[in-house]
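Tertiary structure, described
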Amino acid sequence: MQVDSLSSSTVTTTSSAKSSSASLAGSYQSFLTLLLKQLEVQDPTNPVDTAQYTSQLVQLSSLEQQMSMSDKLDELTSAVQALGTGSSALGYLGRTVTAEGDTTALQNGAANWEYSLNSEAASVTLTVRDEDGAIVYQDSGATGQGSHSFTWDGTGRDGAVHTSGTYSLTVTALDSSKAAIATETRIKGTVTSVDTSGTSAALGIGDVSVPADDVLSLS
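Treat the numbers as computed from the prediction; the structure is a model and nothing was measured. (Residues numbered from 1 in each chain as written. Predicted model: local features only at pLDDT ≥ 70, side-chain atom pairs only at ≥ 80, totals over all residues. Heavy atoms only, no water.)

**Details of the sheet that holds strand 9 (residues 193-195)**
On the basis of which strands lie adjacent, the open sheet formed by 3 strands has the order 9-10-11 and antiparallel pairing. Unpaired on one side and paired on the other, strand 9 and strand 11 (208-211) mark the two borders of the sheet. Taken pair by pair, the neighbouring strands of this sheet meet at an average axis angle of 30°, ignoring direction. Both strand 10 (residues 202-205) and strand 11 contribute to a ladder of 4 bridges, which runs antiparallel. Across the sheet, the residue bridging to leucine 203 is valine 210, located in strand 11. (Pairing = 2+ DSSP bridges. Helix = DSSP H or I, 4+ residues; strand = E, 2+ residues; numbered from the N terminus. Axes fitted to C-alpha atoms, helices over the stretch in contact; angles between N-to-C directions.)

What follows is the structure, encoded as structure tokens:
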């Protein structure tokens, strides 16, 4: 899901510009073909009137100028689009976002997730791993169908207190017959940086990079 300030009108403008450019190119090629054909088949004893030929050359030059202007308009439109995407992404700074994914950063002594169960579960196990894949925390979770929030305060199962780093959550849900239940995991955190150098903006939640397209909600 993409969250930015670009509206459908921007896309329409880009599409129109490309269509206009293609139309001009087609007109130019057709005009040039007809002009050359006219010169090829003209009667040597009755050539094209000089004034008429000059007028046709002027029209050809005018088409060339329009094509050049259309190309520059395309470049300008692309630049405005890129600027719009970057500007809207900067609005995420300092805001709390919920996004698709299972890996987030420990911020202010806590890491926050949401998870959803497709159906009622008999048991749910929440497992937090560090960036090396080692289990640092494990506990049972809410078993009802639907969405649930989970916050880890950085205290490991060995009693050690973690104050920074990135952590991932695995949700294991089983029904009464021990069959696995489908789950979805989302992260929740404060945006501390924005990177607009790529084709789409990336939001930084601590050391975790999240594509802006993966943002589900903003608060």
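Moving on, there is more to tell.
**So, unusual backbone geometry**
Notably, asparagine 108 is not glycine yet its phi reads approximately 50°, a positive angle. Here asparagine 108 is to be found in the loop between strand 2 (103-105) and strand 3 (111-117). Of note in the backbone geometry, lysine 178 takes a positive phi value of approximately 70° without being a glycine. Residue placement: lysine 178 occurs in the loop between strand 7 (166-174) and strand 8 (183-190).

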